Amino acid sequence: MLALLALALLFSPTNTLRFTSVTVAAPPSTQKFLISALDLKPCPSIAKLNNRSQKSTKSSDSDESDDSSSPSSAFSRDNVRISFVNAPSSSTTSSTSLPPSPSVVSLSIGGLSFSPPPPPINVYGSTTLTFDDCSATGPLPPLAPGLTFDHIVGNVRSLSSASDRIRSLWPSALPPLSKFASFTAAEVGTPRSGLNSDVLNPEETSVLLPLNEPVDATEKSQVSTFLDYMGEESVQHVAFKVDDVVEEVERMRGEGVEFLDPPPDRYYEKAREVAGGRITDERWEDVMRLGILVDVETSSVGEGMLMQIFTKP
């Protein structure tokens, strides 16, 4: 699942660390759809770098001539890089080591001020977190306008176990991990099901690593359903920041992307009261027509407004 965010929040990280890329396992047809949906352009230099890195870490016991786990192509747009590895359809994944596709198999952080980078760490399931080597990629350029990674959410079976494990593996040379925010099933759930969530954040950086654990009640929670389907802990969604969420949703709809159904009218009646004059009447018409969610919140990091929408799984 993808999430699009238009975010205005008083949060100014002082460290340059940020998400730079993800690697997605998907069949070629799904790759083609995602490339079109996100308006990605080929990035051959990154593909070569990924393939060189993969070859250097590839286990010697693999004798497959067609290695479906090596990056086959890389694409970029603005501040985002996405590499793809070939994966079979979900109906045939039982005979492979890859989870049902599409799935994020690795994520990368750039902006390190030293080289060589720390070794990759296994954050949950088979998902790996890697660190860009600034001696190979060069200094990370300043953020440009446009598409940017906001956060990457992992669904796990136990919040405390996953959090403790990531903290124990976190490189000591990087800013320490802190808990940026927490949510409980009482806050974000229903009487039928819910989730607990912690947002891990290397201090003073824009890297956000939310973790969700299931809370089952009278029904199986969304997180439990996801874990059962994937067969392991895994990335639940990747959220992107955009400059104009209305424009981006319009473009993606034109590419055939389907979004979750809009909320009822009463949601927008309340949201309009809370947002006050932050959004023009014309903008509200677009927001309601497209089913974009609007939230205004005041927290310890400031007051901000969030406009967001989620694609259908």
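Note that the coordinates shown come from a computational prediction; the quantities given were computed from them, not determined experimentally. (Residues numbered from 1 in each chain as written. Predicted model: local features only at pLDDT ≥ 70, side-chain atom pairs only at ≥ 80, totals over all residues. Heavy atoms only, no water.)

### Comments concerning the environment of K241
Phase 1 of the analysis: Within the secondary structure, K241 is located in strand β13 (residues 234-241).
Phase 2 of the analysis: Accessibility expressed as a relative area gives 27% for K241, which makes it partly exposed.
Phase 3 of the analysis: Sequence separation between K241 and G146 is 95 residues; the distance between their C-alpha atoms is 7.7 Å. (Helix = DSSP H or I, 4+ residues; strand = E, 2+ residues; numbered from the N terminus. Buried < 20%, exposed > 50% of the residue type's maximum accessible area, 1.4 Å probe, protein only.)

### Points about the sheet that holds strand β3 (residues 41-42)
Phase 1 of the analysis: Read across the open sheet, the 7 strands follow the order β3-β4-β5-β2-β6-β8-β7; overall the sheet is mixed. What marks the edges here is a single partner per strand, and that holds for β3 and β7 (121-124).
Phase 2 of the analysis: Bridge count between strand β4 (residues 73-77) and strand β5 (residues 80-86): 5 bridges; the pairing is antiparallel. Of the residues in β5, the one forming a bridge with F75 is I82.
Phase 3 of the analysis: Contacts from helix α1 (residues 28-37) reach β2 (18-26), β4 and β5, with the element oriented near 165° to β5. (Pairing = 2+ DSSP bridges. Contact = heavy atoms within 4.5 Å. Axes fitted to C-alpha atoms, helices over the stretch in contact; angles between N-to-C directions.)

### With respect to unusual backbone geometry
Phase 1 of the analysis: Omega for the peptide link from S115 to P116 comes to 0°, which places this bond in the cis form.
Phase 2 of the analysis: Counting through the fold element by element, P116 comes out in the loop between β6 (103-110) and β7.
Phase 3 of the analysis: Phi at D78 is positive, roughly 55°, even though this residue is not glycine.
Phase 4 of the analysis: Note that D78 resides in the loop between β4 and β5.
Phase 5 of the analysis: Of note, the phi angle at E204 is positive, near 65°, even though the residue is not glycine.
Phase 6 of the analysis: As for its placement among the helices and strands, E204 is situated in the loop between β11 (193-202) and β12 (209-216).
Phase 7 of the analysis: Overall, E204 belongs to the partly exposed group, its relative accessible area being 47%.

### Some details on the packing of helix α8 (residues 265-275) against helix α9 (residues 281-290)
Phase 1 of the analysis: The N-to-C vectors of α8 and α9 enclose an angle of 145°; their axes lie 12 Å apart at closest approach. For the pair α8 and α9, the crossing hand works out as right-handed. Contacts from Y268, A271, R272 and A275 in α8 reach D281, W284, V287 and M288 in α9.
Phase 2 of the analysis: Taken together, the residues that form the contact of α8 with α9 break down as 6 nonpolar, no polar and 2 charged. (Left-handed = near helix turned anticlockwise from the far one by under 90°. Nonpolar A, V, L, I, M, F, W, Y, C, P; charged D, E, K, R; others polar.)

### Considerations on helix α7 (residues 245-254)
Phase 1 of the analysis: Among all positions in α7, only V245, V246, E248, V249 and M252 are buried. Taken around the axis of α7, the buried residues stretch over an arc of 165°, which confines them to a single face. Across from the buried face of α7, at angles greater than 90 degrees, the exposed residues are E247 and G254.
Phase 2 of the analysis: Between the side-chain oxygen at the start of α7 and the backbone nitrogen of V246 there is a gap of 3.1 Å, and the oxygen is on D244.
Phase 3 of the analysis: At the C-terminal side of α7, G256 shows a positive phi close to 95°. (Arc of directions from axis to C-beta. Polar contact = N/O pair within 3.5 Å; in protein donor to acceptor, adjacent residues only side chain to side chain.)

### What to know about helix α6 (residues 222-230)
Counting along an α-helix, one turn takes 3.6 residues, and residues three or four places apart therefore face a common direction.
Phase 1 of the analysis: Among the residues of α6, V223, S224, F226, L227 and M230 are the ones counted as buried. For α6, the angular spread of the buried residues around the axis is 160°, confining them to a single face.
Phase 2 of the analysis: Against β6, β9 (148-155), β11, β12 and β13 lie the buried residues of α6.
Phase 3 of the analysis: Downstream of α6 by a residue or two, G231 has a phi angle that is positive, lying close to 80°.

### Topic: the side chain of T205
Phase 1 of the analysis: Along the chain, T205 turns up in the loop between β11 and β12.
Phase 2 of the analysis: At a separation of 2.7 Å, a polar atom in the side chain of T205 contacts the main-chain carbonyl oxygen of P202.
Phase 3 of the analysis: Reaching out from T205, the side chain makes a polar contact with the backbone nitrogen of V207 at a distance of 3.2 Å.

### Here we look at the confidence of the model for the protein chain
Phase 1 of the analysis: In the predicted model, the protein chain carries a mean pLDDT of 84, and the fraction of residues at 70 or more is 81%.
Phase 2 of the analysis: Within the protein chain, the lowest mean pLDDT, 53, falls on helix α2 (residues 44-57), and the highest, 97, falls on strand β8 (residues 127-131).
Phase 3 of the analysis: Residue range residues 52-71 is modelled with pLDDT below 50. Its contacts to residues more than four positions away, or to other chains, number 15 contacts.
Phase 4 of the analysis: Contacts for the low-pLDDT stretch residues 91-95, under 50 throughout, to residues beyond four places or in other chains number 4 contacts. (pLDDT = per-residue confidence, 0-100.)

### What to know about the pairing of β13
Phase 1 of the analysis: Of all 8 residues making up β13, 7 are buried, and the element is well covered by its neighbours.
Phase 2 of the analysis: The sheet contact formed by β9 and β13 spans 7 bridges and is antiparallel. The residue bridging F149 from the neighbouring strand is F240, located in β13.

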